[in-house]
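Coordinate inspection notes
What follows is the residue order along each chain.
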Amino acid sequence: TETMQPAYRLNVATDFLVSIGPPRFLWKQKPALYGDGNTLGRDLGVLYPTDTVTSIGRTMLGDWYLSFGLLGVIFGMMFMGFFWRMLYEFFIVGSGISLGGILLYIPIWISVLHGLEDRVGSVYGGLFKILVMFVVLQYFLIERPVRAPH
């Protein structure tokens with residue numbers, strides 16, 4: 001896999017930037033993020049060159065490795081742990097284990113669990129969009145004191 005890594009390097013950053021970009025109806029030539037798992041398997045030597053049926057998943061851990069090597073796995077997993085701890089502190093602990101905090105935390109976790117076998121950049125790009133939407137939603141849902149007319 002060391003010889004194949006340069007072809008897959010920096011996919012995390014490009015996937016993230018493409019996934020937070022404008023939707024396809026605005027960006028007609030937006031590149032597809034989901035590569036062929038069969039081609040990946042043959043490129044990495046996991047599948048026989050004649051195998052055109054079997055497909056392998058990249059996974060988040062594999063994506064960190066393919067993009068940045070062993071240090072990418074170590075620091076990527078540290079980043080993910082730090083990021084998830086911050087979200088937990090904000091939505092669960094910071095909200096006093098409120099129903100609202102839990103209701104916002106659940107879809108974020110579902111998104112990550114759904115994306116465990118996907119590329120890091122596209123999963124976190126999707127999370128970024130969800131978090132922006134939740135911040136806007138929270139702004140409109142916060143109860144503000146009513147001012148008396150002057």
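Residues numbered from 1 in each chain as written. Predicted model: local features only at pLDDT ≥ 70, side-chain atom pairs only at ≥ 80, totals over all residues. Heavy atoms only, no water.

1. Points about helix α5 (residues 99-114)
Definition in use: Each helix is a run of DSSP H or I of at least 4 residues and each strand a run of E of at least 2, with the numbering of both proceeding from the N terminus. How far a helix is expected to stretch is found by multiplying one less than its residue total by 1.5 Å. The rule is simple: take the accessible area with a 1.4 Å probe, protein chains only, and divide by the maximum for that residue type; under 20% is buried, over 50% is exposed, in between is partly exposed. By definition, the arc is the one covered by directions from the helix axis to the C-beta atoms.
Under the 1.5 Å per step criterion, the end-to-end length of α5 is 23 Å for 16 residues, consistent within 8% with the ideal 22 Å. Those residues of α5 that sit buried are G101, L104, Y105, I108 and V112. Buried residues in α5, looked at end-on, bunch into an arc of 100°, giving them a common side. Turned more than 90 degrees away from the buried face of α5, the exposed residues are L99, L103, I110, L113 and H114.

2. Quick look at the nonpolar core
Rules: Only buried residues count toward a nonpolar core, which is a set of Ala, Val, Leu, Ile, Met, Phe, Trp, Tyr and Cys residues joined through side-chain atoms within 4.5 Å. Working rule for contacts: check all heavy atoms of both residues, and any pair within 4.5 Å makes them a contact.
In terms of nonpolar packing, the biggest core is built from 20 residues, with W84, L87, I108, Y124 and L127 touching the most fellow members. Those elements that provide at least two residues to this core are α4 (60-93), α5 and α6 (120-141). When residues in this core are grouped by element, the largest group, nine residues, is from α4. Once residues lying within four places of it in the same chain are set aside, the contact partners of L127 are F83, W84, I108, S111 and V112.

3. Comments concerning the confidence of the model for the chain
Predicted coordinates in areas of low pLDDT are best not read in detail. Formally: The score called pLDDT rates the predictor's confidence residue by residue, from a low of 0 to a high of 100.
In the predicted model, the chain carries a mean pLDDT of 79, and the fraction of residues at 70 or more is 85%. Per-element mean pLDDT across the chain ranges from 53 in helix α1 (residues 5-8) up to 87 in α4.

4. Section: the packing of α4 against α5
When two helices pack together, their arrangement is given by the angle between their axes and by how far apart the axes lie. Basically, it comes down to this: For every element, the axis is a line fit to its C-alpha atoms; helices are fit only across the contacting stretch, and the angle between N-to-C directions ranges from 0 to 180 degrees. For this classification, under 35 degrees means roughly parallel, over 145 means roughly antiparallel, 65 to 115 means roughly perpendicular, and everything else is oblique. Polar here means any residue other than Ala, Val, Leu, Ile, Met, Phe, Trp, Tyr, Cys and Pro, which are nonpolar, and Asp, Glu, Lys and Arg, which are charged; Gly is therefore polar.
Between α4 and α5, the least distance of the axes is 11 Å, while the angle of their chain directions is 170°. If you check the angle between α4 and α5, you find them roughly antiparallel. On α5, the residues that touch M60, W84, L87, Y88, F91 and I92 of α4 are G101, I102, L104, Y105, I108, W109 and V112. Taken together, the residues of the contact of α4 with α5 break down into 12 nonpolar, one polar and no charged.

5. Details of the environment of S122
Looking at the element boundaries, S122 is found in helix α6. For S122, a relative accessible area of 9% translates into the label buried. Considering only alpha carbons, one finds S122 and I20, 102 residues apart in sequence, at a separation of 8.4 Å.

6. Looking at the packing of aromatic side chains
Think of a pair of aromatic rings as described by two things: how far the centres are apart, and how the planes are tilted against each other in angle. For the record, the criterion: Working definition: rings of Phe, Tyr and Trp (its six-membered ring) pair if their centres are within 6.5 Å, and the pair is stacked with planes under 30 degrees apart, edge-to-face with planes over 60 apart, and tilted otherwise.
Applying the stated criterion across every chain yields a total of nine aromatic pairs. Between the aromatic rings of F83 and W84, the centroid separation amounts to 5.5 Å while the plane-to-plane angle is 80°, which identifies the pairing as edge-to-face. Residue class for F83 comes out buried when judged on its relative accessible area of 16%. W84 sits in the buried class, given a relative accessible area of 9%. Where Y105 meets W109, the ring centres are 6.3 Å apart and the plane angle is 75°; that geometry is what we call edge-to-face. Taken together, the positions of Y105 and W109, both in helix α5 and four residues apart, correspond to about one turn of that helix. Relative accessible area serves as the criterion here: at 31%, W109 is assigned to the partly exposed category.

7. A closer look at the environment of I108
Assignment of secondary structure puts I108 in helix α5. Relative accessible area serves as the criterion here: at 1%, I108 is assigned to the buried category. Taking the C-alpha atoms as reference points, I108 and W84, 24 residues apart in sequence, are found 10.0 Å from one another. Each residue touching I108, except ones within four places of it in the same chain, is listed here: W84, L87, F91, L127, I130, L131 and F134.

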